[in-house]
Amino acid sequence: MRLFIAEKPSLGRAIADGLPGPHRKGNGCIETGGGTVTWCFGHILEAAEPGDYDPKWKPWPGTPADLPIVPKIWKLSPVPKAKDQLKIIKDLLGAATEIVHAGDPDREGQLLVDEVLEYLGNKKPVLRIWLSALDEKSVRQALSDLKPNDRFAPMKNAARARSQADWLVGMNLSRAYTISARSGGNPVAVLSVGRVQTPTLSLIVSRDLEIETFVPKDFFAVVARIESGPSGAFDALWTPPDTHPALDSEKRCLDRAEASRIAVRIKGQEGRLDVRKTDKSEPPPLPWSLSALTVEASKKYGLSAKEVLDAAQGLYEKKLTTYPRTDCEYLPENQKADVREILAALSKRKDYAGLAEGADPALVSRAWNTEKVTAHHAIVPTLEAASSQGLSDKEEKVFDLVCRRYLAQFYPPCRYTETVVTLVLAGEPFRATGKTPVATGWKIVTQTMDDDDREEQEPTLPPLSSGEIGRCREGTVKAKKTAPPKPYTDGTLIAAMKNVGKTLTDPGEKKILLETDGLGTEATRAAVIEGLLFRGTIEKSRKALVSTPKGRALIDACEPEVKSPAMTALWERKLEAISAGADPSGYQREIEGHVRRLIDSALKKSVRIPIDGKRCPKCGSGVLRRVNGKYGPFLGCSGYPDCRHMEKLPGTRPAQTAEAKGKSGKAPARKSPPGKRRG
Ligand SMILES: [Zn+2]
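This is a predicted model, so every value here is computed, not measured.

> Help me understand empty space enclosed by the protein, please; the structure alone is not making it clear to me.
Where empty space is left becomes clear once a probe the size of a water molecule has been rolled over the atoms. Within this structure, the stated rule accounts for two cavities of 30 Å³ or more. Roughly 60 Å³ of volume is contained in the largest cavity. Taken together, ten residues form the lining of the largest cavity, with R162, R195, V196, G520 and T524 sitting closest to its centre. Here the residues of the lining of the largest cavity are counted per class, giving two nonpolar, four polar and four charged. For the second largest cavity, the calculated volume is near 50 Å³. If you list the elements that add at least two residues to the lining of the second largest cavity, you get α9 (290-301), α10 (305-317) and α18 (525-534). Ranked by residues supplied to the lining of the second largest cavity, first place goes to α9 with three residues.

Below, the structure written as structure tokens:
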């Protein structure tokens, strides 16, 4: 019997649909004419806790003498809720002759099912199915193209090296910094430090500080209202040469008196127009990678990174769109074969009927480029995109973005004429620009939704020709203020994490981060943001993500090495090498040495974290925090059992979030926020 082990039940059902009948639902599996399909529930094994390796590591945060925590042999333990399913897989494995690994098509998915096979001691031959989309045609195609699973071992090794390195950093540095914070005067501090989360927090803290210390500057523009014969009137802007003494380094005029003098001087002056017209064309934008999709959905609909990922994952599991955790914006050329069918599927939906019919499947956009396709291709609709019923509001929105971007590929470029008019008034150069649409092209696909884009369009100029004389009716000075940078939103933070290489100064590190994924991966970024929110180091203020006093104090305390993305850059390069087949054994030794050094420096630091709560009035050194007692919640002293002071909880509604953040004794470092699988 051939046994398929899928990463999730939805994936298992999609595979079963692609296998011949008869189908019979079994206990935790589906029997088919082509083999039995079973599944995991995402992670059904998890890394053991430090206390499982040695009882001295059980107390949290423990003492400096207990660090570092380094397992000699790594252990996994079954996730309690998934024990039954693990038993089902074990029994099926016993009866199988051949296994097909059906993890998600990425590093993490490779490790997830491989770990289960190793844990259960499988010795039977294993094949791998690689599923980029779950519609029936894609599944059948993948089923006819199974590969030996050994070929994917380097991906598994890289995923394992990453997760063990993250465990070592998270477990050790969270404890080390917490110990320092507690001896630094906050007896209830719970700090979480990690390879990706801490540099991400640092990005947010730096941005917030930049905004707070920003001093706005006034600057001045000179606008000339020009009349030109019968053609009409238009506004032209003063454009002095960059070397003009009134300009600052960003070419803004800071000298109001000079601007006013020019505005007065040009009134009534005449100049000969120089008119240059250029035909321009804008090709359709590329289909979505997950980060590009997140940036757009955050901007347009205010969706968080996690909401976008969850919606994209939901659409993938409903077989409507392709695999979501992709950093690629291109499509393999062999997928052109499906274009007509996908367009036909879209034309069955009311919203796209006209657009799908207007699309020209013979047009080939720059998105079709097999050489630029990495492990995954861009997110696009599948052949089953017509049957999109029962979508949530967020899924509808994300689906709409995906479909429209795909449709845009089958429309010609948007064409327009750019006009630049220059003239000299009283010896000073002036300039006006205008855009005249020639052909809407692909923009018709997004036009109905892009109201804000239309407002941004430049004003149209009256018909003008070179040699005409323009007369300045009036010169005015417009006062403006330089604006501070904006706080991060989910969308802009995702973009900043991806492009974090730009912020580095070391050319080598910069290069690595620009070549790789930046901070985190397409698969993990949403979870990293959720984790920071969950731990109370950042909070959401409308759409903005801003740092809390706790988050700032933590970044203030961290060694530069811990909060700079440079460490991630170096590790990522090694993981890439492992992924390409390099031996992973040296990697962990290196990380261990690194973690030891970072623990030493964390323990030597004086870490001051503001106390979030009331000091104990009895002992004066403890802090009152929420405790869930037998008869309901109350406030108890953190010095318990030495100090037994307790108080009634103020107010009637207990603070849920304070509980989640502040409950002592538990290490929050490794625990992902609820519902998250990767991080
Ligand atoms: Zn006390």
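> How should I be thinking about the domain arrangement of the chain in this particular structure?
Accessible area lost on assembly of the parts is the figure often given for the size of an interface. With domains assigned, the chain is organised as domain 1 (2-159), domain 2 (218-283 + 414-481) and domain 3 (290-306 + 328-408). Here the C-alpha centre of domain 3 lies 30 Å away from the C-alpha centre of domain 1. With eight residues of domain 1 at the interface, the matching set in domain 3 holds eight residues. In this assembly, domain 1 packs against domain 3 so that about 590 Å² is buried in total across both faces, 51% of it on carbon and sulfur atoms. Ranking the residues of domain 1 by area buried against domain 3 places S132, D135 and K137 at the top, with a combined share of 63%. Counting the contacts that link domain 1 with domain 3 gives one salt bridge. A salt bridge links D338 to K137; the nearest nitrogen and oxygen atoms lie 2.6 Å apart.

> Please clarify how the coordination of the zinc ion should be interpreted in this entry.
The reference angle at a metal is 109.5 degrees if four donors form a tetrahedron and 90 or 180 degrees if six donors form an octahedron. Only C616 (SG), C619 (SG), C637 (SG) and C643 (SG) from the protein coordinate the zinc ion, and they sit 2.3 Å from it. The coordination sphere of the zinc ion comprises four donor atoms, whose angles at the metal cover 107 to 115°; the geometry is tetrahedral. Read N to C, the donor residues that coordinate the zinc ion are spaced as C-x2-C-x17-C-x5-C. In this pair, C619 sits in the loop between α22 (585-604) and β19 (624-629) while C637 sits in strand β20 (residues 632-637), placing the two residues 18 residues apart along the sequence. Given a relative accessible area of 3%, C637 falls into the buried group.

Parameters and conventions
- Residues numbered from 1 in each chain as written.
- Predicted model: local features only at pLDDT ≥ 70, side-chain atom pairs only at ≥ 80, totals over all residues.
- Heavy atoms only, no water.
- 1 Å grid on protein atoms, 1.4 Å probe; cavity = no way out; pocket = protein on both sides within 12 Å on 5 of 7 lines; lining within 4 Å.
- Points joined across faces, edges and corners; volume = space filled by probe spheres on them.
- Nonpolar A, V, L, I, M, F, W, Y, C, P; charged D, E, K, R; others polar.
- Helix = DSSP H or I, 4+ residues; strand = E, 2+ residues; numbered from the N terminus.
- Domains from an automatic or database assignment.
- Contact = heavy atoms within 4.5 Å.
- Buried area = accessible area lost by both parts, 1.4 Å probe.
- Salt bridge = Lys/Arg side-chain N within 4 Å of Asp/Glu carboxyl O.
- Donors = N, O, S within 2.8 Å, 3.2 Å for Na, K, Ca; no water.
- Tetrahedral: all angles 85-135°; square planar, octahedral: opposite > 155°, others 65-115°.
- Buried < 20%, exposed > 50% of the residue type's maximum accessible area, 1.4 Å probe, protein only.

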